[in-house]
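# A closer look at the structure
Now for the letters of each chain:
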Amino acid sequence: MAHLRRAVELAAEALADGDEPFGTVLVAASGKVLFEDRNRTAGGDQTRHPEFEAARWAAGNVAPDERAAATVFTSGEHCPMCSAAHGWVGLGRIVYVHSSRQVAEWRAALGVPPSPVNAIPIQDVVPGIRVDGPVPALEAEVRDLHTRACS
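Reading the values: rules and limits
Residues numbered from 1 in each chain as written. Predicted model: local features only at pLDDT ≥ 70, side-chain atom pairs only at ≥ 80, totals over all residues. Heavy atoms only, no water. Helix = DSSP H or I, 4+ residues; strand = E, 2+ residues; numbered from the N terminus. Rg over C-alpha atoms; globule rule 2.2 N^0.38 Å. Buried < 20%, exposed > 50% of the residue type's maximum accessible area, 1.4 Å probe, protein only. Contact = heavy atoms within 4.5 Å. Expected span 1.5 Å × (residues − 1). Pairing = 2+ DSSP bridges. Axes fitted to C-alpha atoms, helices over the stretch in contact; angles between N-to-C directions. Salt bridge = Lys/Arg side-chain N within 4 Å of Asp/Glu carboxyl O.

### Describing the overall build of the protein
A count of helices and strands for the protein gives 7 helices and 5 strands. For the protein, the α and β elements follow one another from N to C terminus as α-β-β-α-α-β-α-β-α-α-β-α. Over its C-alpha trace the protein gives a radius of gyration of 14 Å, about what one expects of a compact globule, namely 15 Å for 151 residues. Along the first, second and third principal axes, the C-alpha atoms of the protein reach 45 × 30 × 25 Å. Within the protein, the fraction of its 151 residues that count as buried is 46%.

### Digging into the environment of F52
Along the polypeptide, F52 turns up in helix α2 (residues 50–61). Classification of F52 by relative accessible area gives buried; the value is 17%. With 15 residues separating them along the chain, F52 and D37 place their C-alpha atoms 9.8 Å apart. What F52 contacts, discounting residues up to four positions off in sequence, is T47, M81, C82 and A85.

### A closer look at α2
Compared with an ideal rise of 1.5 Å per residue, which puts 12 residues at 16 Å, α2 spans 16 Å between its outermost C-alpha atoms and is within 8% of the ideal. For α2, the set of buried residues is P50, E51, F52, E53, A54, A55 and A58. Buried residues along α2 sit against β1 (23–27), β2 (33–38), α3 (64–69), β3 (71–76) and α4 (80–89).

### Some details on the side chain of H98
Within the fold, H98 resides in strand β4 (residues 94–98). For H98, a relative accessible area of 1% puts it in the buried group. Among all residues touching H98, those that are not within four sequence positions of it are F22, S75, G76, E77, V103, W106, P134, V142 and H146.

### Quick word on the sheet that holds strand β5 (residues 131–132)
For sheets, the rule is that strands pair by backbone hydrogen bonds, running either parallel or antiparallel. What the 5 strands build is an open sheet, ordered β2-β1-β3-β4-β5; its pairing is mixed. Every interior strand has two partners, whereas the edge strands, β2 and β5, have only one. Alignment of β4 against β5, held across 2 bridges, turns out to be parallel. What sits directly across from V95, in β5, is D132. Along the sheet, α2 contacts β1, β2 and β3; its crossing angle with β2, the most-contacted strand, is approximately 145°. Sheet contacts for helix α7 (residues 136–150): β3 and β4; angle to β4, the most-contacted strand, approximately 65°.

### What to know about unusual backbone geometry
With omega at 0°, the peptide bond leading from G133 into P134 counts as cis. Looking at where P134 falls in the secondary structure, it is placed in the loop between β5 and α7.

### Topic: the pattern of salt bridges
Enumeration over the complete set of coordinates arrives at 11 salt bridges. Two residues, R6 and E13, come together in a salt bridge whose shortest N-O distance is 3.4 Å. Residues E53 and R56 are paired through a salt bridge, measuring 3.6 Å at the closest nitrogen-oxygen approach. On the criterion of helical spacing, the pair formed by E53 and R56 is a turn pair, its members being 3 residues apart in helix α2. For R56, a relative accessible area of 48% corresponds to the partly exposed category. Among the charged side chains, a salt-bridge network with shared partners connects R6, E9, E13 and E36.

Okay, here's the thing in structure tokens:
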């Protein structure tokens, strides 16, 4: 839960800086935090998702066997682009607070247009990967961040 809470803190930092509220923490099998980041799309580059940045960083800094044993803790389920990067780099388990479907439903309820990219479950992009989520204990907090982002 501590790593998920940090991912939510990073999502809040992103929102405070004018970005969409997403945060990610990459953790080694030993429990050591290897990398963390938040959404950085406000400048116009929609590929600056923290999950994608974690995969890119891991590819250049972590041995393949260590990548496979690592866990990505994130405030929201990976989009298809981030799922693909995760799979190509060979990162291990993913734990997320809310699903892509949930955020799409929240946005629709607020009258916000849908994302230009379909919400596809991670396992449909990266078959066989271990994924855990949603995590109901933190959903309300993250939903509030998304509601504030859409207001």
